[in-house]
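Structural description and commentary
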Amino acid sequence: MDTLSRHPDAGWWANGWVDLALRWLLGGLFVLASVHKIMDPAEFAKIIFGYDLFPAVAINLIAIILPYIELTAGLALISGVYPRAAAAILSGLLLGFILAISINAWRGHVFDCGCFASGEAALWQGTPGWMLGRNSFLLFIAWSISVYRGQRKILVRFG
Amino acid sequence: MRSHALAVADSLREVGGGPAIFRMFDLIKKMLVLLTVAAGLALLVNGLSPHGIPLIGQWDAEVGVVTADTDTAALWMDFELSSPQAAKQVFDAGHALFVDVRSRDMFAAGHIPGAVSLPLGDFDAMVEAFAAKLPPQQPIITYCSGRLCQDSHTVAQLLMERGLENVVVFIDGFPGWIENGYPVATP
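Residues numbered from 1 in each chain as written. Chains lettered and ligands numbered in written order. Predicted model: local features only at pLDDT ≥ 70, side-chain atom pairs only at ≥ 80, totals over all residues.

**Section: the pairing of strand β4 (residues 140–143) of chain B**
Residues and elements named next belong to chain B. Here is the rule we go by: A residue is called partly exposed when the number of other C-beta atoms within 10 Å of its own lies between 12 and 20, exposed at 12 or fewer, and buried at 20 or more, with C-beta atoms placed from the backbone. Under the DSSP-based scheme used, a helix requires at least four consecutive residues in state H or I and a strand at least two consecutive residues in state E, with every element numbered from the N terminus. Paired strands are those between which DSSP finds at least two bridges. A clockwise path from the first strand over the helix to the second, with the strands pointing away from the viewer, defines a right-handed crossover.
Here β4 shows no split at all, with Ile140 and Thr142 on one side and Ile141 and Tyr143 on the other all buried. Pairing between strand β2 (residues 97–100) and β4: four bridges, direction parallel. Bridge pairing links Phe98 to Ile141 in β4. Across three bridges, β4 lies against strand β5 (residues 167–170) in parallel orientation. When the bridges of β5 are listed, Ile141 appears paired with Val168. Read from β4 through helix α7 (residues 151–161) to β5, the crossover connection turns out right-handed.

**Things to note about the interface of chain A and chain B**
We count it as follows: By the convention adopted here, residues make contact when the C-beta atoms placed from their backbones lie within 7 Å. Residue classes follow a fixed rule: Ala, Val, Leu, Ile, Met, Phe, Trp, Tyr, Cys and Pro count as nonpolar, while Asp, Glu, Lys and Arg count as charged, and any other residue, Gly among them, counts as polar.
Contacts between chain A and chain B engage 32 residues on the former and 28 residues on the latter. Going through the elements one at a time, α2 (41–51), α3 (56–79) and α4 (83–106) of chain A are the ones with two or more residues in the side of chain A that touches chain B. Counting residues per element, the side of chain A that touches chain B draws most heavily on α3(A), at 13 residues. In terms of residue class, the side of chain A that touches chain B is built from 23 nonpolar, three polar and six charged.

**Section: the nonpolar core**
Test applied: A set of buried Ala, Val, Leu, Ile, Met, Phe, Trp, Tyr and Cys residues, joined to one another through C-beta atoms within 7 Å, is what we call a nonpolar core. Delimitation of the domains relies on an automatic or database domain assignment.
One finds A:Leu26, A:Ala63, A:Ala73, A:Ala86, A:Ile89, A:Leu90 and B:Ile141 to be the most contacted residues of the largest nonpolar core, which totals 76 residues. Looking at this core element by element, the count peaks at twelve residues for α3(A). Here this core spans two domains, since at least three of its residues come from each of domain 1 (2–48) and domain 2 (70–179) of chain B. If sequence neighbours within four positions are ignored, A:Leu26 has contacts with A:Leu77, A:Leu90, A:Leu138, A:Ile141, A:Ala142 and A:Ile145.

**Things to note about the sheet that holds strand β1 (residues 80–81) of chain B**
All names here are of chain B. Short version of the rule: Axis definition: a line fitted to C-alpha atoms, over the contacting stretch in the case of helices. Angles run 0 to 180 degrees between N-to-C directions.
If you walk across this open sheet you meet the five strands as β1-β5-β4-β2-β3, and the pairing is parallel. Each end of this open sheet is capped by a strand with a single partner; those strands are β1 and β3 (116–117). Those strands touched by α7 are β2, β4 and β5, and its axis lies near 175° from that of β5.

**Brief notes about the packing of α3(A) against helix α2 (residues 20–48) of chain B**
What counts, and what does not: Any angle between 65 and 115 degrees counts as roughly perpendicular, while under 35 counts as roughly parallel, over 145 as roughly antiparallel, and the rest as oblique. Left-handed is the label given to a crossing in which the near helix is rotated counterclockwise from the far helix by less than a right angle, and right-handed is the label when the rotation is clockwise.
Two elements in contact, α3(A) and α2(B), have axes whose closest approach is 8 Å; the angle formed by their N-to-C orientations is 130°. Taken together, the axes of α3(A) and α2(B) lie oblique to each other. Viewed along their axes, α3(A) and α2(B) form a crossing whose handedness is right-handed. Judged by residue contacts, A:Ile64, A:Ile65, A:Tyr68, A:Ile69, A:Thr72, A:Ala73 and A:Ala76 of α3(A) engage B:Leu34, B:Leu35, B:Val37, B:Ala38, B:Ala39, B:Leu41, B:Ala42, B:Leu43 and B:Asn46 from α2(B). Among the residues making up the contact of α3(A) with α2(B), the classes are represented as 14 nonpolar, two polar and no charged.

**With respect to α3(A)**
In an α-helix, one full turn covers 3.6 residues, which means residues spaced three or four apart are oriented alike. Residue and element names in this part refer to chain A. Short version of the rule: A helix's residues, less one, multiplied by 1.5 Å, set its expected span. Here the bend at a residue is taken as the angle between two axes, fitted respectively to the seven residues that end there and the seven that start there.
For α3, spanning 24 residues, the distance from its first C-alpha to its last is 36 Å, which sits close to the expected 34 Å at 1.5 Å a residue. Of all the bends found along α3, the most pronounced is centred on Ile62 and spans about 35°. Counting buried positions along α3 yields 17 of 24 residues, so the element is predominantly enclosed. Among the residues trailing α3, Gly80 stands out with phi positive, at a value near 85°.

**Describing the packing of helix α1 (residues 16–39) of chain A against α3(A)**
Residue and element names in this part refer to chain A. Running from amino to carboxyl end, α1 crosses α3 at an angle of 150°, the nearest separation of the two axes being 7 Å. The orientation of α1 with respect to α3, classified from their angle, is roughly antiparallel. In the crossing of α1 with α3, the sense of the turn from one axis to the other is left-handed. In contact with Arg23, Trp24, Leu26, Gly27, Gly28, Phe30, Val31, Ala33, Ser34, Lys37 and Ile38 of α1, α3 contributes Pro67, Glu70, Leu71, Ala73, Gly74, Leu75, Leu77 and Ile78. Broken down by class, the residue content of the contact of α1 with α3 amounts to twelve nonpolar, four polar and three charged.

Now the structure itself:
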């Protein structure tokens, strides 16, 4: 273990390979999650409308841009371009998802998560409790990547 | 020693070495770079893709069927019955065939009298037998579960593509029908 890996601010695992595995796991999941939304933005817009949380003027814009944020941040994590920033962005998204699911669960509003696929046969659809648990776990992974201070494996640097 | 120093410098640059405020600015700057790339790519692809949607959709059920694609919605305006009263008038005239595109279970629970069931999910399997019985000029009214549902438009489009010439959509669907106390049939 080198000096950097023993940095007092290093994550509790302090292992670049664990960090890499978490980056690829989280990045891969978000790339996967973005695909069906990018392929059919009109259907994804209907799912956003179904959440009944957003102003009408913002629904299409969210449907257009959100999947590309997932895709860009996911690819950044996988390739090692600005991994802390990508993890921070995904943390923000996951917090937003957790908030949206919680509000609808609290008010008893039935909705299509639209997380990984649309429709009743959606992969990983589950109950609101399951979705909250899953997103909390992913948020923990994103946070872990954000605070990791050791030397990262496979990293692209600019400047 | 020199290589180790360079490794330390590299790592500090990655984790954002220096005072916390600079690390925070550096993180925000990188987040903005990624978000800008994402937004630019999204708008570019959406603008070029045949599956692209307008920046603002039609999400007011008071106005009509909710949809992300306002361009298509505008084209449908001439092929819609936009009130239960208009649908009732057509029903009373007795010439049109009402086509219920909801699920079989929903149809069995109640439907517009005289309507036939043609669920969107079974369309491919049923359309041959369905269309074979009808002349191209047969007036057809499709309906589903109201203004939050687009299946009736989808089936109407598919029927038009099969050569049926007088297809319109009752956009308030079965909920709009029963809200007005109009007759309901069950098998």
